[in-house]
Amino acid sequence: SQTIHQWPATLVQPVGSPLSLECTVEGTSNPNLYWYRQAAGRGLQLLFYSVGIGQISSEVPQNLSASRPQDRQFILSSKKLLLSDSGFYLCAWSPGQVNEKLFFGSGTQLSVL
Amino acid sequence: GDSVTQMEGPVTLSEEAFLTINCTYTATGYPSLFWYVQYPGEGLQLLLKATKADDKGSNKGFEATYRKETTSFHLEKGSVQVSDSAVYFCALSGPYNFNKFYFGSGTKLNVKP
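Here we summarise the structure given alongside this text. (Residues numbered from 1 in each chain as written. Chains lettered and ligands numbered in written order. Predicted model: local features only at pLDDT ≥ 70, side-chain atom pairs only at ≥ 80, totals over all residues. Heavy atoms only, no water.)

## Some thoughts on the state of the cysteines
Evaluation of the coordinates by the stated rule reveals 2 disulfides over all chains. Put simply, A:Cys23 and A:Cys91 are joined by a disulfide, and their sulfur atoms are 2.0 Å apart. Residues A:Cys23 and A:Cys91 are joined by a disulfide whose S-S torsion is about -80 degrees; by sign, that bridge is left-handed. Of this pair, A:Cys23 sits in strand E3 (residues 19-26) while A:Cys91 sits in strand E9 (residues 87-94), placing them 68 residues apart in sequence. Of the two residues examined, A:Cys23 and A:Cys91, each falls in the buried class. Between the sulfur of B:Cys23 and that of B:Cys90 lies a disulfide, 1.9 Å long from S to S. Around the S-S axis, the bridge from B:Cys23 to B:Cys90 shows a dihedral of about -70 degrees and counts as left-handed. (Disulfide = S-S within 2.5 Å. Helix = DSSP H or I, 4+ residues; strand = E, 2+ residues; numbered from the N terminus. Buried < 20%, exposed > 50% of the residue type's maximum accessible area, 1.4 Å probe, protein only.)

See below:
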């Protein structure tokens, strides 16, 4: 069966520090991969998605970037965190076919202080 | 662009009450529609989905009907339980880019015994 791993679960970082969140998927090949952010009191905002290695689509211009160095690995990064980057970050994958659903990781709670 | 609008919460109900959470969408063509649920301390998981007009998705006593004429996908349950307390997200994907999933802002449901 397929599983998705996302870490760390919680992270407290100072303003201006770098960020690296990692997500890996097991049990499937060539998945579509996604990063979402859930800010307090707000819904899910699509940040990045990827349909293949090295292919990244950015939905919202911001202080973050994403990379997909391997088929089942998706990394969310920042060179210098801002206060506004605080939130709950969710990684997700889908089989990449019409009408298929998303499978979510357990999320990372990021607090930038 | 594609988007989802759902009623703001929180919604507070007594056990065995009838639940409706409204969701409307904006999309080109006929997207697939989903309801996801996030229980306290857990990640998002698919609750139900519908992929074409007049389809009814159902799961765990919850139902939602894909209404093309009103561009709606309202979530209903005839008798809620305390264990249904969670945040509910309406979402859509496609049809022209089924790789993207857009979510509403989420509706928190509190069910009191």
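## Observations regarding the interface of chain A and chain B
In this assembly, 23 residues from chain A lie in contact with 19 residues from chain B. With both sides pooled, the region where chain A packs onto chain B buries about 1,700 Å², and carbon together with sulfur makes up 57% of that total. In this structure, the connection of chain A to chain B is made through 1 salt bridge. The partner of A:Glu59 in a salt bridge is B:Lys100, and the shortest N-O contact between them spans 3.0 Å. Linking chain A with chain B are 5 residue pairs in polar contact (both at pLDDT 80 or more), by the criterion used here. Breaking the side of chain A that touches chain B down by element, the ones donating at least two residues are strand E4 (32-38), strand E5 (44-52) and E9 of chain A. (Contact = heavy atoms within 4.5 Å. Buried area = accessible area lost by both parts, 1.4 Å probe. Salt bridge = Lys/Arg side-chain N within 4 Å of Asp/Glu carboxyl O. Polar contact = N/O pair within 3.5 Å; in protein donor to acceptor, adjacent residues only side chain to side chain.)

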